[in-house]
Amino acid sequence: MITVLSDNFSLVNTWINELRNVDIQQDRLRFRRNMERIGEIAAFEISKDLETEEIEITTPLDQIKVTEVAVQPVITTILRAGVPLFQGILNYLDKADCGFVAAYRKHDANDYFSIKQDYLTCPNIDGRPLIVADPMLATGASLIEAIKHLLNHGTPTQLHIVAAIASQQGVDTIQKEYPNAKIWVGVIDENLTSKGYITPGLGDAGDLSYGEKLQR
Ligand code: URA
């Protein structure tokens, strides 16, 4: 199942436009905040899908039965570009536990790349919804690698994948690998460059959030 958050116009479209705009995206604070906002909207949508339970609460005047999230999710992301989108999801699903994966693209002499994962910290995800935030779902290779390692920490009840911008190829790859995953994307772009960048895309989400890195 895939939901494209910009299909019906809302402020999400404005935030994506600002993320893409070569002038506005230079404002790092706004860039990170717009990523966060997309994460917040995705979290709100995901919350409608979570398992619920009835609990009793006491107000100053009475006791009532209300509906609540039954099992708190685990929110994860891939360092470093995923942090602002992740933070947006956590802003709303604020009782969740969190996990982090560090992965990078290792380029060879021909500029082909493979994904190297070198750090993972994650709570038990057994019996809980797992949310993975990846702002730019390009080839899907780093996401698949991250999810593969995360799933060593248990079997989640649901798998939610959140991206601000996805390529059609990335979406197809993820749907093939994880047919039961629920995918929430800001927008889908048609193309990928030979270097695995989404086009029109927005450029390098990590550099735009935190400054240009030295390492390729
Ligand atoms: N990561 C990015 O930051 N941008 C892309 O277009 C693809 C992956």
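Residues numbered from 1 in each chain as written. Predicted model: local features only at pLDDT ≥ 70, side-chain atom pairs only at ≥ 80, totals over all residues. Heavy atoms only, no water.

1. Some details on the layout of surface pockets
- Here the largest pocket defines a volume of roughly 850 Å³.
- Taken together, 31 residues line the largest pocket, and the ones lying closest to its centre are Tyr104, Arg105, Tyr197, Asp204 and Lys213.
- Among the secondary structure elements, those contributing two or more residues to the lining of the largest pocket are strand 4 (74-79), strand 5 (97-107), helix 4 (141-150) and helix 6 (205-210).
- Here the lining of the largest pocket gets four residues from one element, more than from any other, and that element is strand 5.
- When its residues are assigned to classes, the lining of the largest pocket shows 13 nonpolar, nine polar and nine charged. (1 Å grid on protein atoms, 1.4 Å probe; cavity = no way out; pocket = protein on both sides within 12 Å on 5 of 7 lines; lining within 4 Å. Points joined across faces, edges and corners; volume = space filled by probe spheres on them. Helix = DSSP H or I, 4+ residues; strand = E, 2+ residues; numbered from the N terminus. Nonpolar A, V, L, I, M, F, W, Y, C, P; charged D, E, K, R; others polar.)

2. Notes on the site of the ligand
- Looking at the ligand, the residues that line it are Arg105, Met136, Ala138, Gly196, Tyr197, Ile198, Gly203, Asp204 and Ala205.
- Between the ligand and Gly203 there is a distance of 2.8 Å, counted from a nitrogen atom to a backbone nitrogen or oxygen.
- Protein contact buries 88% of the 240 Å² of open area that the ligand shows by itself.
- A majority-of-atoms criterion places the ligand in the largest pocket.
- Residues that form the shell around the ligand fall into these classes: five nonpolar, two polar and two charged. (Near = heavy atom within 4 Å. Polar contact = N/O pair within 3.5 Å; in protein donor to acceptor, adjacent residues only side chain to side chain. Areas by Shrake-Rupley, 256 points an atom, 1.4 Å probe, with all protein chains shown as cover. Sits in = over half its atoms within 2 Å of the grid points.)

3. Quick word on helix 3 (residues 83-92)
- Buried within helix 3 are the following residues: Pro84, Leu85, Phe86, Gly88, Ile89 and Leu90.
- Turning to helix 3, the residues buried within the fold contact helix 2 (28-47), strand 4, strand 5, strand 7 (129-133), strand 9 (158-167) and helix 6. (Buried < 20%, exposed > 50% of the residue type's maximum accessible area, 1.4 Å probe, protein only. Contact = heavy atoms within 4.5 Å.)

4. Quick look at the side chain of Gln158
- Mapped onto the elements, Gln158 comes out in strand 9.
- When neighbours within four sequence positions are excluded, Gln158 is seen to be in contact with Asp49, Leu50, Arg128, Pro129 and Leu130.

5. Quick notes on the environment of Gln175
- Along the chain, the position of Gln175 falls in helix 5 (residues 168-177).
- Owing to a relative accessible area of 30%, Gln175 belongs among the partly exposed residues under this scheme.
- Spatially, the C-alpha atoms of Gln175 and Ile2 are 8.9 Å apart, while their sequence positions differ by 173 residues.
- Beyond its immediate chain neighbours, meaning those up to four positions away, Gln175 contacts Ile2 and Ile183.

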